[in-house]
Amino acid sequence: MLEKLAFATLKEQRASRRWRIFFRFAWLGVLLALIGLGVSQNAGTKDVSAPHTAVIEIKGEIASGAEASAELLVSALRTAFEDVGAQAVVLLINSPGGSPVQAGIINDEIKRLKSIHKKPVYAVVEESAASAAYYIAVSADKIFVDKASIVGSIGVLMDGFGFTGLMDKLGVERRLMTAGENKGFLDPFSPQTDTQLAYAQTMLNQIHQQFIAVVKEGRGQRLKETPETFSGLFWSGQQAIELGLADQLGSLDYVAREVVKAEDIVDYTRRDNVAERLVKRFGAAIGTGAVQALKASTALH
C-alpha cells in the first residue's frame, strides 16, 4: 500500500509539473505575439510622409525610468525630427518638474536636433511647466500657454527629514559607522554640521546658476527679468507672458493650425505598450522564481 501510494503521489507530481510547463510556454507564446503586435504597430506609426505637426507629450515627473525620462523623450524627438513629413515639433507639457539632469539632457538634444534638421520647435503648456519642465520648454522657439497655466519655479531644492531631536526624546541611539567624515551627512538620523550645510548650499547654488543660464539663453531679449524671476516663484500663464517667460496664449490645435499650418497631428510620444509592460512583469516574475530556486537548491546542499 505504501509503495502504491508513493507511486501515485509521484505520478500526480509529474502531471502537475507538465501542466505548469505547458501553461508557462503558453503564456510565453501569448507574450511573444503581443510583442510582435506592438512592434508592428510602432513600425506603422513611424511611416508618416504627409505634412503634419509632430507632437511629443511631456507628462508627469521628469525622472529616469518615468514616462518623461530622457531615454524615452530623446528617442521620440529623434524620430519626429527625422520624419520628412513633420513640419514642426511641438512639446506638449504638463509636468511639475523633476530631475535637472534629465531635463538638461533633453534640452541639449532638442538644440542639437534643431541645428541639424532646421525644424521649428514649439512648447505648449497645459496645466503646468514648472522647474525642470520649464528647463525643457525654454529650448523651444516659442512657448504657448493657457492663461491659467502654471509656469516658472526656476529654482533648485534638496529635501529630506531630520529625526535627531525625536531620537533624543525616545532615547534611541543611532549607530552609524563611516569611512570619511562627510560620508553620512545626508543621513536623516545624524546631525548636520554648519560646514556640511554650507557645502550643500554651494552645490544647490551652482545648479541654480546653470538653470538660470539655460533660461536666459533660451528666452534671450524676450525675458523681462525682475528680482523674483529666478527666486523659485511660479506664475499664471498670463503673468508668464507679461514677464517674457512665455510668448502667447495657444493650445496644441491652435499651434498646429495657425502656426505650423499643418492641422494633422501625429503623436510621437514613446510609451510602454501592453506587451512591454507584460514582458517586464514576466521578466520580474522569472527573476524572482530563479532567485527562489537558487535559494532552495543552496538549502538542499
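Residues numbered from 1 in each chain as written. Predicted model: local features only at pLDDT ≥ 70, side-chain atom pairs only at ≥ 80, totals over all residues. Heavy atoms only, no water.

A. Structural view of the overall build of the chain. Counting its regular elements, the chain contains 9 helices and 8 strands. In the chain, which comprises 301 residues, the proportion classed as buried is 35%. Within the chain, residue pairs in contact and separated by at least 24 positions form 72% of the contacts whose partners lie at least 6 positions apart. Entry remark: accessible area of the chain is about 18,900 Å², with carbon and sulfur atoms responsible for 58%. (Helix = DSSP H or I, 4+ residues; strand = E, 2+ residues; numbered from the N terminus. Buried < 20%, exposed > 50% of the residue type's maximum accessible area, 1.4 Å probe, protein only. Contact = heavy atoms within 4.5 Å. Areas by Shrake-Rupley, 256 points an atom, 1.4 Å probe, with all protein chains shown as cover.)

B. Highlighting helix 3 (residues 100-117). Here helix 3 contains 18 residues, and its C-alpha end-to-end distance of 26 Å stays within 8% of the 26 Å for a straight helix at 1.5 Å per residue. Here the buried face of helix 3 lies against helix 2 (70-82), strand 2 (86-95), strand 3 (121-130), helix 4 (132-137) and helix 6 (194-219). The residue sitting at the N-terminus of helix 3 and contributing the capping side-chain oxygen is Ser99; that oxygen lies 3.2 Å from the backbone nitrogen of Val101. In the segment just after helix 3, Lys118 is the residue with positive phi, at about 55°. (Expected span 1.5 Å × (residues − 1). Polar contact = N/O pair within 3.5 Å; in protein donor to acceptor, adjacent residues only side chain to side chain.)

C. Structural context of the confidence of the model for the chain. Per-chain confidence: the chain averages 83 in pLDDT, with 81% of residues scoring 70 or above. By mean pLDDT, helix 9 (residues 274-300) is the weakest element of the chain at 50, and strand 4 (residues 142-145) is the strongest at 97. In this model residues 40-47 is a low-confidence stretch, pLDDT under 50, and it forms 3 contacts with partners more than four residues away in sequence or in other chains. (pLDDT = per-residue confidence, 0-100.)

D. Examining the nonpolar core more closely. Leu77, Val89, Leu91, Tyr134 and Leu245 are the most contacted members of the largest nonpolar core, which has 49 residues in total. With 11 residues, the next largest nonpolar core counts Val55, Ala88, Tyr122 and Val124 among its residues. (Core = buried A, V, L, I, M, F, W, Y, C linked by side-chain atoms within 4.5 Å.)

E. Quick peek at the pattern of salt bridges. The full count for this structure, using the stated rule, is 10 salt bridges. Here Arg78 ties to Glu109 by a salt bridge, and the two come within 3.0 Å at their closest N and O atoms. Of the two residues, Arg78 is situated in helix 2 and Glu109 in helix 3; the sequence distance between them amounts to 31 residues. Ionic pairing is found between Asp141 and Lys114, a salt bridge with its closest N-O pair at 3.2 Å. Here the residue Asp141 occupies a position in the loop between helix 4 and strand 4, and Lys114 occupies one in helix 3, the gap between them amounting to 27 residues. What makes Lys114 buried here is its relative accessible area of 19%. Members of the salt-bridge network, linked through shared partners, are Glu57, Asp267 and Arg271. (Salt bridge = Lys/Arg side-chain N within 4 Å of Asp/Glu carboxyl O.)

F. Region of interest: a nonpolar patch on the surface. Residues Trp19, Phe22, Phe23 and Trp27 make up a contiguous nonpolar surface patch of about 530 Å² in total accessible area. For Trp27, the position within the fold is in helix 1 (residues 2-46). Classification of Trp27 as exposed rests on a relative accessible area of 55%. (Patch = residues over 30% accessible without salt bridge, like charges linked within 9 Å, V, L, I, M, F, W, Y side chains within 5 Å.)

G. Quick look at helix 6. If you check helix 6, its first and last C-alpha atoms are 37 Å apart, about what 26 residues at 1.5 Å a residue would give, namely 38 Å. For helix 6, the complete set of buried residues consists of Gln196, Ala200, Leu204, His208, Phe211, Ile212, Val214, Val215 and Arg219. The secondary structure elements touched by the buried residues of helix 6 are helix 3, helix 4 and strand 4.

H. Highlighting the pairing of strand 3. With 8 of 10 residues buried, strand 3 is to be regarded as a mostly interior element. By the bridge criterion, 6 bridges tie strand 2 to strand 3 in an arrangement that is parallel. Note on strand 3: the bridge partner recorded for Val89 is Val121. For the handedness criterion, the β-α-β arrangement of strand 2, helix 3 and strand 3 is classed as right-handed. Note: strand 3 against strand 4, 3 bridges, orientation parallel. What sits directly across from Ala123, in strand 4, is Ile143. (Pairing = 2+ DSSP bridges. Right-handed = clockwise from strand over helix to strand, strands pointing away.)

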